[in-house]
Amino acid sequence: GVGEMIRSTSSPYTPFAMFSRALAGTIDNSCVVAFPGSPNGVREGLAAIVPAIFHAKSMLRGEGH
């Protein structure tokens, strides 16, 4: 989901967004996100997922929805 969101958000800006290496997962109680390799890709990707990061933090702490 996170990688797809980053790619779909970046696709209006570059036709190469589909080749992005963006992905996400968890390690213990931490959320780890690998953003695309360009500064613009990171800015666009971060803007796309910031609202969900706070939800992910709650879920990792066991606080539920």
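These figures come from a predicted structure and were not determined experimentally.

### Here's the deal with the layout of surface pockets
Alright, step 1. A volume near 210 Å³ is recorded for the largest pocket.
Alright, step 2. Around the largest pocket, the lining comprises 15 residues; the ones closest to its centre are Val2, Cys31, Ala52, Ile53 and Ala56.
Alright, step 3. The set of elements that each furnish at least two residues to the lining of the largest pocket consists of helix 1 (2-10), strand 1 (23-27), strand 2 (30-34) and helix 2 (39-60).
Alright, step 4. Ranked by residues supplied to the lining of the largest pocket, first place goes to helix 2 with eight residues.
Alright, step 5. Taken together, the residues of the lining of the largest pocket sort by class into 12 nonpolar, three polar and no charged.
Alright, step 6. Roughly 160 Å³ of volume is contained in the second largest pocket.

### Looking at a nonpolar patch on the surface
Alright, step 1. On the surface, Leu46, Val50, Ile53 and Phe54 cluster together into a nonpolar patch covering about 330 Å² of accessible area.
Alright, step 2. By secondary structure assignment, the location of Leu46 is in helix 2.
Alright, step 3. Residue Leu46 is classed as partly exposed on the basis of its relative accessible area, which comes to 40%.

### Some points on the environment of Gly1
Alright, step 1. With respect to the helices and strands, the residue Gly1 is situated in the segment before helix 1.
Alright, step 2. Along the backbone, Gly1 and Leu23 are 22 residues apart, and their C-alpha atoms lie at a distance of 8.4 Å.

### Here we look at the confidence of the model for the chain
Alright, step 1. When the pLDDT values of the chain are averaged, the result is 87; 100% of them are 70 or greater.
Alright, step 2. Highest mean pLDDT in the chain belongs to strand 2 (90); lowest belongs to helix 2 (88).

### A short note on helix 2
Alright, step 1. The terminal C-alpha atoms of helix 2, which comprises 22 residues, lie only 28 Å apart, well short of the 32 Å expected from a rise of 1.5 Å per residue.
Alright, step 2. Most pronounced at Val50, the bend in helix 2 amounts to some 50°, and the proline Pro51 follows within four residues.
Alright, step 3. Among the residues of helix 2, Gly41, Glu44, Gly45, Ala48 and Ile49 are the ones counted as buried.
Alright, step 4. Residues of helix 2 that are buried sit in contact with helix 1 and strand 2.
Alright, step 5. Residue Gly62 follows helix 2 closely and has a positive phi angle near 80°.

### Notes on helix 1
Alright, step 1. Among the residues making up helix 1, those that are buried are Gly3, Ile6 and Ser10. Summarising the axial view, the buried residues of helix 1 lie within an arc of 65°, below the 170-degree limit, and thus occupy one face.
Alright, step 2. In this fold, the buried residues of helix 1 make contact with strand 1, strand 2 and helix 2.

Conventions used here
- Position numbers for residues start from 1 in each chain and track the written sequence from start to end.
- Totals for whole chains, interfaces and linings use all residues, but because this is a predicted model, local features are given only for residues with pLDDT of at least 70 and pairs of side-chain atoms are given and counted only at 80 or more.
- Side-chain numbers come from the whole structure's heavy atoms, not from hydrogens or water.
- Think of a 1 Å grid over just the protein atoms. A cavity is a set of points where a 1.4 Å probe fits yet cannot get out, a pocket is an open set with protein on both sides within 12 Å along at least five of seven lines, and lining residues have an atom within 4 Å of a point.
- Grid points are joined across faces, edges and corners, and a volume is the space filled by probe spheres set on the points.
- Strands here mean DSSP runs of E at least two residues long; helices mean DSSP runs of H or I at least four residues long; both are numbered from the N terminus.
- Side-chain classes are defined by residue name, with Ala, Val, Leu, Ile, Met, Phe, Trp, Tyr, Cys and Pro counting as nonpolar, Asp, Glu, Lys and Arg as charged, and the others, Gly among them, as polar.
- Like charges within 9 Å and nonpolar side chains (Val, Leu, Ile, Met, Phe, Trp, Tyr) within 5 Å are joined into patches, using only residues over 30% in relative accessible area that form no salt bridge.
- Methods summary: accessible areas were calculated by the Shrake-Rupley approach with a probe of 1.4 Å, and residue burial reflects only the protein chains presented.
- A carboxyl oxygen of Asp or Glu within 4 Å of a side-chain nitrogen of Lys or Arg is what we treat as a salt bridge.
- For every residue, the accessible area obtained with a 1.4 Å probe (protein chains only) is divided by the maximum for its type, and the residue is called buried under 20%, exposed over 50%, and partly exposed between those limits.
- A residue's pLDDT is the confidence the predictor assigns to it, expressed on a 0 to 100 scale.
- Working rule for helices: expected span equals 1.5 Å times residues minus one.
- The bend reported for a residue corresponds to the angle between axes fitted to the seven residues ending at that residue and the seven starting there.
- Here, two residues are considered to be in contact whenever any of their heavy atoms come within 4.5 Å of each other.
- An arc is given here, and it is the one of the directions from the helix axis to the C-beta atoms.

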